[in-house]
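Examining the three-dimensional arrangement
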Amino acid sequence: RPRAGETVFVSGAAGAVGSIAGQIAKIEDCRVIGSAGSDEKVEWLAGDLGFDAAFNYKTVPSAEALAEAAPDGIDIYFDNVGYDHLEAAITHMNDFGRIAACGSISGYNSVDPAHPRPGPNNLAFLVRKRLTMRGFIVSDHGERRADFRTDMERWLAEGVVRSRETVLEGIEQAPAAFLGLFNGTNTGKMLVRLAPEE
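Residues numbered from 1 in each chain as written. Predicted model: local features only at pLDDT ≥ 70, side-chain atom pairs only at ≥ 80, totals over all residues. Heavy atoms only, no water.

**Observations concerning the pairing of strand 5 (residues 93-101)**
Of the strand pairs in this sheet, strand 4 (residues 74-79) and strand 5 are connected by 5 bridges, and their pairing is parallel. Pairing of I76 across the sheet is with R98, part of strand 5. Read as a crossover between parallel neighbours, the route from strand 4 over helix 4 (residues 83-92) to strand 5 is right-handed. In the sheet, strand 5 pairs with strand 6 (residues 132-135) via 4 bridges, with the strands oriented parallel. Within strand 6, the position partnered with A100 by the bridge is R134. (Pairing = 2+ DSSP bridges. Helix = DSSP H or I, 4+ residues; strand = E, 2+ residues; numbered from the N terminus. Right-handed = clockwise from strand over helix to strand, strands pointing away.)

Pasting the structure below:
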């Protein structure tokens, strides 16, 4: 429920989901900050997509980048990454802020139960700041699909929303494409184009 003038932070903002979430927040007249894993992706966010600020989390710690980019705090956090990004966002959230937990890709490969990846160590802020954190799965909102499609088709046609695809050629590239999602090799939607039939 973004409101005009609010500050929205989107992690994994150069991916298919994050890039659209950030652009919708811009359409709602919010100030948008995005994180991404390369300088090229940061340039795409702040340039082509019109984010108000973006940072490379591989070169600047998320907490430090948010302190600079959001000196007045964050009202909404759209979380695709989890862990250190979530901890940094919680630290910088304003009272009554909202967190949409869409993913935790930075921890999906943490499979060693003897050494689990540490989670945010500042969850006490959820109480003190009266934050709301809720899981977000798009399939829970099927009744809004038709409206979303109508809006998105119009926004894409008008150039208000832009998309990008990373395309690998041939079905044999499917494993590389899948693994690339975890390594951040894609910008926008990761696709595999099947070889044409002979």
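**Focus: the packing of aromatic side chains**
Overall, the coordinates contain 3 aromatic pairs when judged by the stated rule. For the ring pair F9 and F55, a centre distance of 5.9 Å and an interplane angle of 25° mean the geometry is stacked. Taken as a pair, F9 in strand 1 (residues 7-10) and F55 in strand 3 (residues 53-56) lie far apart in primary sequence, 46 residues in all. The same class applies to F9 and to F55, which are both buried. Members of the aromatic cluster, connected to one another through ring pairs, are F9, F55 and Y77. Lying across the ring of F125, K129 places its NZ or CZ 4.8 Å from the centre. (Phe/Tyr/Trp six-rings, centres within 6.5 Å; stacked < 30°, edge-to-face > 60°. Buried < 20%, exposed > 50% of the residue type's maximum accessible area, 1.4 Å probe, protein only. Lys NZ or Arg CZ within 6 Å of the ring centre and 35° of its normal.)

**Concerning the packing of helix 3 (residues 62-69) against helix 4**
Here helix 3 crosses helix 4 at 35°, and the two axes come no closer than 9 Å. Crossing of helix 3 over helix 4 shows right-handed handedness. Contact residues: S62, A63, L66 and A67 in helix 3; D84, H85, A88, A89 and H92 in helix 4. Here the contact of helix 3 with helix 4 is built from residues that sort into 5 nonpolar, 3 polar and 1 charged. (Axes fitted to C-alpha atoms, helices over the stretch in contact; angles between N-to-C directions. Left-handed = near helix turned anticlockwise from the far one by under 90°. Contact = heavy atoms within 4.5 Å. Nonpolar A, V, L, I, M, F, W, Y, C, P; charged D, E, K, R; others polar.)

**Here we look at the pattern of salt bridges**
Enumeration over the complete set of coordinates arrives at 9 salt bridges. Between R164 and D48 there is a salt bridge; the shortest N-O distance is 3.6 Å. Within this pair, whereas R164 is found in the loop between helix 6 (145-158) and strand 7 (165-169), its partner D48 is found in the loop between helix 2 (39-46) and strand 3, the two being separated by 116 residues in sequence. Note that R154 and E158 form a salt bridge whose closest N and O atoms lie 4.0 Å from each other. Taken together, the positions of R154 and E158, both in helix 6 and 4 residues apart, correspond to about one turn of that helix. For E158, a relative accessible area of 52% translates into the label exposed. Look at the salt bridges and you will find they share partners, linking R3, E6 and R98 into a network. (Salt bridge = Lys/Arg side-chain N within 4 Å of Asp/Glu carboxyl O.)

**Brief notes about helix 1 (residues 16-27)**
The terminal C-alpha atoms of helix 1 lie 17 Å apart, and with 12 residues this matches the ideal 16 Å at 1.5 Å per residue to within 8%. Considered for burial, the residues of helix 1 that qualify are G18, S19, I20, A21, G22, Q23 and A25. Tucked into the core, helix 1 has its buried residues touching strand 1, strand 2 (31-36), helix 2, strand 4 and helix 6. Immediately downstream of helix 1, the backbone of D29 shows phi near 65°, a positive value. (Expected span 1.5 Å × (residues − 1).)

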